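Coordinates in review
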Amino acid sequence: MSAETDRALLDLIEADDHALPAIPVFPLDVLPAAGRELVEAKAAMGIPSALTAGAVLGALAAATGGKSSIKIAGGWPERAILWVVLIGARGSGKSPALNAAMAPIRESDALEDQDDDEDRRPQVLHDDLSLEALARSLKASGGHGAIDVDELRGFIDGLGQYKARGGADRGRFLSLWAGAPWKFSRVAGGAKTNALNISLSAPTLAIVGGLQPELHDRLGGDEDGMRPRWLPHLAQRPPASAFGSLDGATVLSWPQIIARLLAVREQKREWHLSAGAADAFRDHRKRWKHEEDEPLPAGITAALGKAPSHLARIALVLAEANDPGAGGSIDAQIIERAAIWVDFTIDCWKALPEHGTGLGLTRRDEKLSIGAGKLAAWLEARPDRLATRRDIQRARVAGCRKAADIDALIAEYEATYPTTVTRTALSGGGHDQTIIRAPRRLSPPNGVTTGDTVKQRGADPSSHAENSAVTSGDTASGDTEVVTAFRPAAQTTEDNPGRCQDCNRRLIAHRDTGQPYCPACEKTRQEGQAA
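What this report covers is the structure whose coordinates are included nearby. Since the structure is predicted, the reported quantities are computational estimates derived from the model, not experimental observations.

One open sheet holds the four strands; their spatial order is β3-β6-β2-β7, and the pairing between them is parallel. A single partner strand is all that each edge strand has here, and the edge strands are β3 (144-151) and β7 (230-234). Within this sheet the neighbouring strands show an average axis-to-axis angle of 10 degrees, counted without direction. Two elements, strand β2 (residues 83-87) and β7, share five bridges in a ladder whose sense is parallel. By the bridge assignment for β7, Val-84 is matched with Leu-231. Helix-sheet contacts for helix α4 (residues 94-114) involve β2, β3 and β6 (204-211), and the interaxial angle to β3 is about 150 degrees.

This is the structure:
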């Protein structure tokens, strides 16, 4: 073997070591029927399913509100406090996805605002994004509400700004995620007429909005307490050829389910886990705890730590979508669907370029480390996934303008993602031509292509792109859409508490056949291991 071949092989191995994980495929089977219809309709128009599904989750949480709770044995009751972020490049479809999911709530709020009846329903959505205004709005709406914004950047950046009196809003805002009693006070320089004291016994705030991949550091660094509170839904920008007609089919079931949720939003109800659901909940909590002990980036470990809370809250929203306002028992099937959704968001965290993970000893080192991740995300969003040095400077990626800063950024990027930078000497002399490519991204397991069938990834319980026919809705590389024959069972079924022989997940009943079914492997199991 020649020295050149040896070098090429070593480069390939090194590139694989530094390749980004595959962008996960959203598992459509976890969606309630109305949500799935909306996601599939938008996918036919070229909108990535992950983005519409994230908007669906945020809308369901907003419509559910804070009067519904789920009781986990030995724990604090959880409510529909879900902070969902749709992560995609410009033109990927974040705004259309958000508009489609939130339209019924926006329209309902507009109608209620025109109603002079004192008994009208409080507003669900809050427009003014300052923390003081939010506190006032939550108080006026009974302690629960939601925020939906096209771009979360401005909202999050505003939380980090220190006020003349009273410190930063960021810490106060983070405490809202816990749902514990919350108080907002303003002294106003001692003037009693301007003083403000707002207390909320059970604040419930749902958030959904969009963010560009290169800005995901705004969600917090790996050591930041804000980051694991978010549920990311990541998608690549589809090619222009993927976008279909803008006159998609009307999905009547979606506004209907939102209307049913809004009608019971002010009614107090409580859900609890059935015996089988409690066992499934404990299994997933134990699984995530075990994964926390593995050597992972701090941000992933933190997300795993919040996973049980997210599991309970997503399960609550799915239960409400199945039977709005009913309360009562939640079966194991809903817990399994919610767990798959949580796993998807953790896989999205893993697929994002890391920001600020180096051991920089100076502020400049830290900024360069963050900048390398921003450059990777910016390159991925380009149609050809590459750029010249001049392109990067013109775009002012990571805020770099000066030649020295651009050189330092490229050097840090090359150190983080080896083999991605190529320098070619020009025949006429002068500076070398520098081409910077996006990091290689691993393909979905066993390759997911249009019309193919995807096989389960061994015993990995977080894999959801398996054994499934593929639609033509999302055809972009790394964001291929998967559709399976599974539909959630209409009835609670816990007569067969067996486990999948491949991934050890708890089996549920297939809607069509009634046979034991693994929602992770997406296969019907004739036999299961004893639970």
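Right, picking up where we left off after that structure.
Let's shift gears to the sheet that holds strand β8 (residues 269-273). Pairing within the open sheet is parallel, and its three strands lie in the order β1-β8-β9. Strand pairing shows two members of the sheet lacking a second neighbour, β1 (68-71) and β9 (328-330), which therefore form its edges. Geometrically, the sheet is characterised by an average inter-axis angle of 35 degrees between neighbouring strands, direction not taken into account. Bridging between β8 and β9 involves three bridges; their strand directions are parallel. The residue bridging Trp-271 from the neighbouring strand is Gly-328, located in β9.

Look at helix α3 (residues 49-64) against helix α8 (residues 253-263): their axes get within 8 Å of each other, and the N-to-C directions meet at 30 degrees. On the basis of the axis angle, α3 is roughly parallel to α8. Here α3 and α8 pass one another in a crossing that is right-handed. Between α3, through Val-56, Ala-59, Leu-60, Ala-63 and Thr-64, and α8, the contact on the second element is made entirely by Trp-254, Ile-258, Leu-261 and Leu-262. Classifying every residue of the contact of α3 with α8 gives eight nonpolar, one polar and no charged.

By secondary structure assignment, the location of Gln-212 is in the loop between β6 and β7. On the basis of relative accessibility, which here comes to 8%, the residue Gln-212 falls in the buried class. The contact partners of Gln-212, leaving out residues within four places of it in the chain, are Ile-87, Gly-88, Arg-90, Lys-94 and Glu-151.

Helical geometry: 3.6 residues make up each α-helical turn, so side chains three or four residues apart lie on a common side. Regarding helix α5 (residues 131-140), the residues found buried are Leu-131, Ala-133, Leu-134, Ala-135 and Leu-138. Gly-142 occupies a position one or two residues after α5 and carries a positive phi of about 85 degrees.

Another aspect to go through is helix α11 (residues 332-351). When the terminal C-alpha atoms of α11 are compared, their 29 Å separation across 20 residues agrees well with the 28 Å that a helix rising 1.5 Å per residue should span. For α11, a buried count of 19 out of 20 residues is recorded, marking the element as mostly surrounded by other parts of the structure. Two to three positions downstream of the cap, the backbone nitrogen of Gln-333 sits 3.0 Å from a side-chain oxygen, assigning the N-cap of α11 to Asp-331.

Below, the discussion takes up the packing of aromatic side chains. Within a pair of aromatic rings, the relevant descriptors are the distance that separates the centres and the angle that separates the planes. This model, assessed by the stated rule, comprises seven aromatic pairs. Centroid distance Phe-26 to Trp-341: 5.3 Å. Interplanar angle 75 degrees. Geometry classified as edge-to-face. Placement of the pair is Phe-26 in the loop between α1 (3-17) and α2 (33-43) and Trp-341 in helix α11, with a sequence separation of 315 residues. A relative accessible area of 3% places Phe-26 in the buried class. Classification of Trp-341 by relative accessible area gives buried; the value is 0%.

Definitions and limits used
- Numbering of residues begins from 1 in every chain and follows the order in which that chain's sequence is written.
- Given that the model is predicted, a residue must reach a pLDDT of at least 70 before its local features are reported, and side-chain atom pairs must reach 80 or more before they are shown or counted; all residues, however, enter totals for whole chains, interfaces and linings.
- Each side-chain value is derived from all of the structure's non-hydrogen atoms; neither hydrogens nor water enter the calculation.
- Two strands qualify as a pair provided DSSP detects at least 2 bridges between them.
- Secondary structure counts use DSSP, requiring at least four H or I residues in a row for a helix and at least two E residues in a row for a strand, with both numbered from the N terminus.
- Between N-to-C directions, angles span 0 to 180 degrees; the directions come from axes that are lines fitted to C-alpha atoms, helices contributing only their stretch in contact.
- Here, residues are in contact when the closest pair of their heavy atoms is within 4.5 Å.
- Working rule for angles: under 35 degrees goes down as roughly parallel, over 145 as roughly antiparallel, 65 to 115 as roughly perpendicular, anything else as oblique.
- By convention, the crossing between two helices is left-handed when the near helix turns anticlockwise from the far helix through less than a right angle, and right-handed when the turn is clockwise.
- Under the scheme applied, nonpolar residues are Ala, Val, Leu, Ile, Met, Phe, Trp, Tyr, Cys and Pro; charged residues are Asp, Glu, Lys and Arg; polar residues are all the others, including Gly.
- Buried means the residue's accessible area, taken with a 1.4 Å probe over protein chains only, is under 20% of the maximum for its type, while exposed means over 50%, and partly exposed covers the values in between.
- Between the first and last residue of a helix there are one fewer steps than residues, each counted as 1.5 Å, and that sum is the expected span.
- Pairs of N or O atoms within 3.5 Å make up the polar contacts considered here, provided that, within protein, one atom can donate a hydrogen while the other can accept it, and that residues adjacent in sequence are counted only when both atoms are side-chain atoms.
- Two rings belonging to Phe, Tyr or Trp (six-membered ring only in the last case) form a pair when the distance between their centres is within 6.5 Å. Interplanar angles under 30 degrees mark stacking, angles over 60 mark edge-to-face geometry, and anything in between is tilted.

Any functional reading would require information that these geometric values do not contain.
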